[in-house]
Amino acid sequence: MSELGRRISDPLARLGFADVRRTGGLLADPALGLWDLDALELLGPGADEVVAALAAAADPDLALLALNRLAEAAPDRTALLDALRSSAGLRARLLGLLGASSALGDHLVAHPEDWTLLTDEAQPASRPSEHDLTARLLTAIGVRDAAGVGRLRVAYRRLLLVLAARDVAGTADVDEVAGELADLAAATLQAALALAAAALPAGAAECRLAVIGLGKCGGRELNYVSDVDVVFVAEPVGSGDDDAALRTATLLASSMMRICAEVAWPVDAALRPEGKNGPLVRTLASHESYYERWARTWEFQALVKARPVAGDLDLGRAYIAAIAPMVWSAAQAEDFVGDVQAMRRRVEDTLPGHLADRELKLGPGGLRDVEFAVQLLQLVHGRADETLRDGSTLVALEALAAGGYVGREDAATLAAAYRFLRVAEHRLQLHRLRRTHLLPDDPAGVRRLARAMGLAPDARGDVGAVFEAEHTRHAREVRRLHEKLFYRPLLTTVARMPTDQLRLTPEAARARLVALGFDDPEGALNHLAALTAGVSRRAAIQRTLLPALLGLLADAPDPDAGLLSYRQVSEALSATPWYLRLLRDEGPVADRLATVLGSSRYAAGLLARAPEALRLLGDAAELAPRDGAALRSAFVGVARRQPGPDSAVLAVRGMRRRELLRTSCADLLDLIDVVEVGDALSAIAAATLDAALTAALRAYAAEHGPPQTRIAIIAMGRLGGRELGYGSDADVMFVHEPVDGTDEQTAGAAATAIVEHAVRLLRRPAPDPPLEVDAGLRPEGRNGPLVRSFASYAAYYARWSAVWEAQALLRAAPVAGDPVLGQRFVDLIDPVRYPAGGLKAPEVTEIRRIKARVDAERLPRGADPATHTKLGPGGLADVEWTVQLWQLRHAAEHPELRTTRTLDALRAIATAGLLDADDVAALEASWLLATRARNAMMLVRGRADDQLPRRGRVLTGVTRVLGYPPGRDPGQFLEDYRRAARRARRVVERVFYADPIR
């Protein structure tokens, strides 16, 4: 390239021109006279501003070429160029438009005088109304003859030209542009209808014809190039003939559609009743009949945006008044929400995979995701809230946020993304005035689009890279929020509710509460009033949630207690911004919360003291019990980080409360079985014991120095068998071993002080449920020392151990403290609990005697033996004593019986052939049902009990927790329990009491 060429091309390339040779020539062309090729300088005042404005256009080369063509065609070129040099507003509008739209540039070349419509003087003081636009188009038509269509086409393009110029210059935002495009469409329909009426044959019957806008036209959010969706409704004038009036109306509608297609865009009437197979025009009565009897979900969704746009507006308003009640009650149809969701999925499935990411409208994260989510929320909640009944997506979204149906941040994010996507859609279509929603796949096209949207290079890269980053960000947010809102579980619940129950007067609310099964409707009304009083956003969201929550609570065993607990949790979390948002938006939280609160006083109490743990309900994976080793590490870690033992155990008990809540919620929601419940509760207890021992050890060491002994906690009973229930104590024994050279008495005193401190810490009054530690199974029982040395245990079991103690040791397992010492203790007791050669006859007799005494003496006075889960015939004690007798007799020769777990031992007994499979099945079934029932009673009542209730709400609650369906007679559970217990008792009597000693 010559030095002259470089001097010309370098600055032009930096300005953004691609074809710098042509650019230099066009700028120097006498038609523009902006550049002196000899002097290599801009010519005249304002030339630099004009070139800068050309360079700022979306496509500088396109803008310059179009300006050159316009200047050549302009009847007064000098006026055009002088105006451009002197007016920044004209430069922004005209040159911005020429660089963004080749189609409107062609219009200006064909009608060069129209540039004057873009001067400062021609700009209106305010945005033109629909009435103004209609008047201008009707004036432009003039004589309503065949040539009127051409005049209408030119007039339409001129109005579009003015609007597009304001758009690209940034003086009209996307909401205003979309609204004005819809108004222009309505004005065009009205003008086309006037031309069609003028062309009617002589003698045509009189009729009233209303044009109802749907879709983006009806919602006043139209694109530059889009089909205009309509339906037609007609009536005869006076007492005229319906058929004749419909024939005239059909002629008018058909002619109007043809004219609009020639002028601007196609008119699509395919959303009418029966679609393209149905008549183009119907009477109002015919429309009503169709929508009452035959309309499908998608047809009502299409009518959300319906509004009269042309023709007889009074008839149009009558149509809206007749159809609206059906539209806003459509959500009550069976599986309405599922139908709308399935329809969106079908739209996505039709997209070719290679185009999905480039589809602004239909692709994932596109405009349809926003529109479908908003329309579904409108249809579900708009039945009772008329503020939501607006056809504009953005206005409706704002109303949904104001009413608490959508989070404000979510609404703002969706609105911003929707505006970005709409601007991109507008700029795509404006380029050639073609209907498209597909992003360009070439760098030049992406660059032009990005510049047309006003984007600029930044740290992310050039302007094309910036657009890609912004589009990806907005599409990702739209998709996330679409899935969050569109598949919100509460939608289905709310949709199924009768409309009159969504907003209740006190009288209607009282009646509904009674019908739902609330025993204390007055108390429930007080709770509702407290939750919904005032004009705060919190109260608004509660008013949105409570109609659905009442229905969910009504399905629970105790709605009154559930509502009270819900109020308590709500008040405890009143200052937290996430609580109500979580219920409204996140997964099945509301449904799960209603189940938990309406079923379990135990879980409700835990939640009231730890309401922040409500987040656990958002994800089933969060409700899965945590691994025992992880729990132990977390609990002990927290204890070590606290400054003192009191604060350490207080923090640990708070963690225990959260884990108990996790387990009880998972149990109530049927996410874990009874064996997993026992595992989880035992792991929580073990971690708590270990943390308390850690805190006590640290406190002792701080005051006295490191204790010269090692301590281990040995789990007994249900804790040792990992079968703990919600109301179970932690049965344990404490063992210590002096460090080499330490006096046993000194070590024992230290160990006793540490253990007593740990037990005291766990029993201290606190808001959290205490862990009751019971060391009654230690040697010599409560008369013996709380802590013994390893050597003392060895001596005792070698000389004094009774058979009942060997039986108790069957469940012994290290649970906390020094693991090496714990394992040595297990090795010590194995020969005691698994005696070589089994039990001698007197020992078996002794066990049977003790069991008979327990049966006779320990059953509480007034208890019903048939339904006492622990001590009744066929209950837990029957099964466990039978299993333990078999372990004592046979574990030495059958190592598979050496387990602390009842079910594992029972199944090992069957595998070894020691009991008949049917007998084992009977024992297992009774043990499982009794264990589940004990847990259920604790969950329902909030306190432990071994006696099954005979009747009432507690019995109903227990049966529901156990999985019996609503409406089933609770007595069926009692009969099932008695039947299982009787079968187990028959086995016990035969194999425990009567089996000969071998």
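Residues numbered from 1 in each chain as written. Predicted model: local features only at pLDDT ≥ 70, side-chain atom pairs only at ≥ 80, totals over all residues. Heavy atoms only, no water.

1. Some points on the side chain of E659
On the secondary structure map, E659 appears in helix α31 (residues 645–668). Excluding its chain neighbours within four sequence positions, the residues that come into contact with E659 are R626, L631, F635 and I684. (Helix = DSSP H or I, 4+ residues; strand = E, 2+ residues; numbered from the N terminus. Contact = heavy atoms within 4.5 Å.)

2. Things to note about the packing of aromatic side chains
Counted under the stated rule, the structure contains 10 aromatic pairs. Residues Y290 and Y291 carry aromatic rings whose centres are separated by 5.5 Å and whose planes lie at 80 degrees to one another, so their mutual orientation is edge-to-face. For the ring pair Y793 and Y797, a centre distance of 6.0 Å and an interplane angle of 20 degrees mean the geometry is stacked. Taken as a pair, Y793 and Y797 lie in helix α35 (residues 790–799) at a separation of four residues, close to a single helical turn. Exposure class is identical for Y793 and Y797. Each is buried. Through a chain of ring-to-ring contacts, three or more aromatic side chains come together here, namely Y793, Y796, Y797 and F825. Taking NZ or CZ as reference, R824 lies 4.3 Å from the ring centre of F790, over its face. (Phe/Tyr/Trp six-rings, centres within 6.5 Å; stacked < 30°, edge-to-face > 60°. Buried < 20%, exposed > 50% of the residue type's maximum accessible area, 1.4 Å probe, protein only. Lys NZ or Arg CZ within 6 Å of the ring centre and 35° of its normal.)

3. Things to note about the pattern of salt bridges
Within this structure, the stated rule accounts for 61 salt bridges. Between R158 and E113 there is a salt bridge, with the nearest N and O atoms lying 3.2 Å from each other. Here E113 lies in the loop between α7 (102–110) and α8 (130–141) and R158 lies in helix α9 (residues 148–169), a separation of 45 residues in the sequence. In this structure R158 comes out as partly exposed when scored by relative accessible area, which is 28%. Given a relative accessible area of 37%, E113 falls into the partly exposed group. A salt bridge links D976 to R979, with the shortest nitrogen-to-oxygen separation between them at 3.1 Å. One end of the pair is D976 and the other is R979, both in helix α43 (residues 971–993) and three residues apart, which spans about a single turn. In this structure, a network of salt bridges that share partners links the residues R127, R166, E180, D183 and R220. (Salt bridge = Lys/Arg side-chain N within 4 Å of Asp/Glu carboxyl O.)

4. What to know about helix α42 (residues 952–961)
Residues of α42 that are buried: L955, G957, V958, T959 and V961. Positioned one or two residues after α42, G963 has a phi angle of 100 degrees, which is positive.

5. Looking at the environment of A590
Position of A590 among the secondary structure elements: in helix α28 (residues 589–599). Separated by 38 residues in the primary sequence, A590 and L552 place their C-alpha atoms 8.3 Å from one another.

6. Things to note about the pairing of strand β9 (residues 730–738)
Judged by how many residues are buried, β9 sits mostly within the fold: nine of nine residues are covered. Bridge count for strand β8 (residues 709–715) against β9 is seven bridges, and the pairing is antiparallel. Bridge assignment links T709 to a residue of β9, and that residue is P738. When β9 meets strand β10 (residues 773–774), the two strands line up parallel, connected through two bridges. Its bridge partner being in β10, D731 is matched across the sheet by D774. Taking the sense of rotation as the criterion, the β-α-β connection linking β9, helix α34 (residues 744–763) and β10 turns out right-handed. Both β9 and strand β11 (residues 787–789) contribute to a ladder of three bridges, which runs parallel. Within β11, the residue paired with H736 across the bridge is S789. (Pairing = 2+ DSSP bridges. Right-handed = clockwise from strand over helix to strand, strands pointing away.)

7. Observations regarding the confidence of the model for the protein
Summary statistics for the protein give a mean pLDDT of 90 and a share of 96% for residues scoring 70 or more. Counting contacts from residues 1–8, a segment whose pLDDT is below 50, to residues more than four positions away or on other chains yields nine contacts. (pLDDT = per-residue confidence, 0-100.)

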